[in-house]
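# Structural characterization, general
For reference, the chains in residue letters:
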Amino acid sequence: MNDCQYEHLDLINFPEDLRKLDIQELRAVCTELREFLIDCVSKTGGHFGAGLGAVEIAVALHYVFNTPEDKLVWDVGHQAYPHKILTGRKDRMHTIRQLGGLSGFLKRSESEYDTFGAGHASTSISAALGIAAARDFEKKDFKVIAVVGDGSMTGGMIYEAMNHAGMLNKNLIVVLNDNQRGSLSSIQPKVWSFHNYFTKILTHPAYNKFKGTVWDLTGKLDTFGDRLRTAAQRMEKGIKAVFTPGMLFEGMGFRYFGPVNGHNVVKLIETFRHVKDLNGPILIHAITEKGKGYAPAEREATRLHGVAPFDKVTGLSPEKKCTSASYTEIFGKALVEICRQNPKVVGITAAMPDGTGLTQLHEEMPERFFDVGIAEPHAVTFAAGMATEGYIPVVAIYSTFLQRAFDQVVHDCAIQKLHVVFVMDRGGLVGADGATHHGTLDLSYLRCVQGMVIMAPKDEQELRDMLYTAVEYKSGPIALRYPRGNAVDAPARKEFRKIEIGKAETLRRGKDVALLAIGNMVQNSLSAAELLDKEGINAEVVNMRFVKPVDEELLQSIAQRIRVFVTVEENVVNGGFGSSVLEAFSRLGVSDISIRLHGLPDQFIEHGTPAELHRLVKLDPSGITEIVKEQLLTVRSVSQLH
């Protein structure tokens, strides 16, 4: 895909090719690898800044260790694009995150070098320790190396794994890729308190004055001064051992090495070779820069964390020509308005303030904003604690990430009937991030929680009203979910209005079939009804609004006029919105109807654009039309048999 030729990289298809080079050639390899990555992602889009910062780490690891026999376990996958390029996928990088192309994350089915699949953070050390334990059972002798970013160090699972690793004392190497950006916040990226503490100690004026004085005095004392300097250096290392994260890691049973320069590939190789055959858990602390080697990404690490295709010179992506705002922006603005009206409302997110829209709240009311880092379970229980004191926490987390806090939703919020508002962005099929990021389970996993109320808006005005309704609701936890992307540009009013809990609305009257839709599938169902009209099929379309509780009164009323129903949702069918409708009809004793539950199948959906994926699973207007016609045909066939 590249016009230019790379002196070294063109000869590297797999790590064994890399290992044939002299160590002094690796700096050139890193430069070429970075240029290739910039060229590739500028055309395809994808995760960018983290990979640029991990180039030397990837090169050094594959140079020193005998991969894939030695196992590399990468955390998340944002940082693993260089790893993909070095492990046989260079010629397919132009397909990354596209339908049928390479995944943007680690994927075991994609390559034997992807030891463990990862799309969510903080899993690497747990997985690596499990691999090491299995290795020892089999009496094998390969190395296991986990590469974890400092953002993942804000997640509690990392410390659970490290504690267990120290207890088991397995041979395990952890590389901490510390780019000092623990959050994807453009305003407050540093939320790893250990790193902040480390920085404060080593930059404190008293510490540096002491260090400078020692160096000045000993410089005048010839040989004796050299010995004093050596002693001072040892003391400095001792201070670092006590006052840096090394103390924490050593306390958990890890031998700590660092900090080392994560962009000095020769030094990294020396360090990896030094620790390679040491026994027990090892942690190497590498300091890197996110976006390294590309000025726009160094300046704007958050914006260029994940990008659409962009101009290589400026780092800017073409402006999208769209008049409607995104659901994320609409939510963020609405929350600020509600916070102005109600001093008890606060916003909480887990390292994703920009992605969830809470940056607006942080800018205007920083004291009402909380970013807990990549710690979703903590975010939920933290919110529950605030709720006990009369505050109304709005917890804004991507649908797929809230899965990580399911126990806290049940145990800490629902059982205690605490008023916590859950706002799930990225509900449904999100596109290029694929199976790990699709929000396809939330309607199912929240619907089974006793006392939970679940809503999904059809447009931007309904999102605003649902958020207001959720904040005003006082009887326990309540959730709303909306998709990624732009809203439908529906007419909006300035004031908020409460929506009656559990009440649906009929948008289009019909007689042949009733389309019961939820969330963004309402618009697609309306479009499908127009297509059906052209074929002489008159469809009624209902915006159900609530997954739980459903509007049983309206359902019973419709069942008196229409016998064929199709439910439409962008969630797995198992236990989702359609199941709630089926259960409602069962409670009502309505049996003389035919109902088809249409949603996502019982399989994980791969990456692609939302439009491509909707067509694939028949959730676009044409697909919904096809499903309705199939159901009507089935009903007629059954009637003829009788």
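What this report covers is the structure whose coordinates are included nearby. (Residues numbered from 1 in each chain as written. Predicted model: local features only at pLDDT ≥ 70, side-chain atom pairs only at ≥ 80, totals over all residues. Heavy atoms only, no water.)

In terms of residue burial, strand 6 (residues 281-287) counts as a mostly covered element, since six of its seven residues are buried. In this sheet, strand 6 lies alongside strand 4 (residues 172-178) in parallel orientation, the contact comprising seven bridges. In the sheet register, Ile173 faces strand 6, and the bridge partner there is Ile282. Each parallel crossover has a hand, and the one from strand 5 (residues 255-261) via helix 12 (residues 265-275) to strand 6 is right-handed. (Buried < 20%, exposed > 50% of the residue type's maximum accessible area, 1.4 Å probe, protein only. Helix = DSSP H or I, 4+ residues; strand = E, 2+ residues; numbered from the N terminus. Pairing = 2+ DSSP bridges. Right-handed = clockwise from strand over helix to strand, strands pointing away.)

Next up on the list: empty space enclosed by the protein. Here the structure, examined in full by the defined rule, presents four cavities of 30 Å³ or more. What the second largest cavity holds in volume is close to 60 Å³. Tallied by class, the residues present in the lining of the second largest cavity amount to six nonpolar, one polar and three charged. (1 Å grid on protein atoms, 1.4 Å probe; cavity = no way out; pocket = protein on both sides within 12 Å on 5 of 7 lines; lining within 4 Å. Points joined across faces, edges and corners; volume = space filled by probe spheres on them. Nonpolar A, V, L, I, M, F, W, Y, C, P; charged D, E, K, R; others polar.)

Spatial strand order, 9-8-10-11-13-12-17: seven strands in an open sheet with mixed pairing. What marks the edges here is a single partner per strand, and that holds for strand 9 (369-371) and strand 17 (546-548). For this sheet the average axis-to-axis angle between neighbouring strands, irrespective of direction, equals 20 degrees. Along the sheet face, helix 14 (residues 327-341) touches strand 8 (345-349), strand 10 (392-398) and strand 11 (421-425) and points at about 145 degrees away from the line of strand 8. Along the sheet face, helix 21 (residues 460-472) touches strand 8, strand 10, strand 11, strand 12 (453-455) and strand 13 (478-481) and points at about 165 degrees away from the line of strand 13. (Axes fitted to C-alpha atoms, helices over the stretch in contact; angles between N-to-C directions. Contact = heavy atoms within 4.5 Å.)

All right, on to the side chain of Asp551 then. Mapped onto the secondary structure, Asp551 falls in the loop between strand 17 and helix 23 (552-559). From its side chain, Asp551 meets the backbone nitrogen of Leu554 in a polar contact 3.1 Å long. If we ignore the near neighbours within four places in the chain, the residues touching Asp551 are Gly502, Lys503, Ala504 and Met544. (Polar contact = N/O pair within 3.5 Å; in protein donor to acceptor, adjacent residues only side chain to side chain.)

With the rule as written, the count across this model stands at eleven aromatic pairs. Ring centres 6.2 Å apart and planes at 50 degrees place the aromatic pair Phe65 and Phe272 in the tilted group. Of the two residues, Phe65 is situated in the loop between helix 4 (55-64) and strand 2 (71-74) and Phe272 in helix 12; the sequence distance between them amounts to 207 residues. Look at Phe65 and you get buried, because its relative accessible area is 1%. By relative accessible area, which is 0% here, Phe272 ends up buried. A connected cluster of aromatic rings, assembled from ring pairs, spans Tyr327, Phe331 and Tyr482. (Phe/Tyr/Trp six-rings, centres within 6.5 Å; stacked < 30°, edge-to-face > 60°.)

From the geometry alone we can't say anything about function, so treat these as descriptive.
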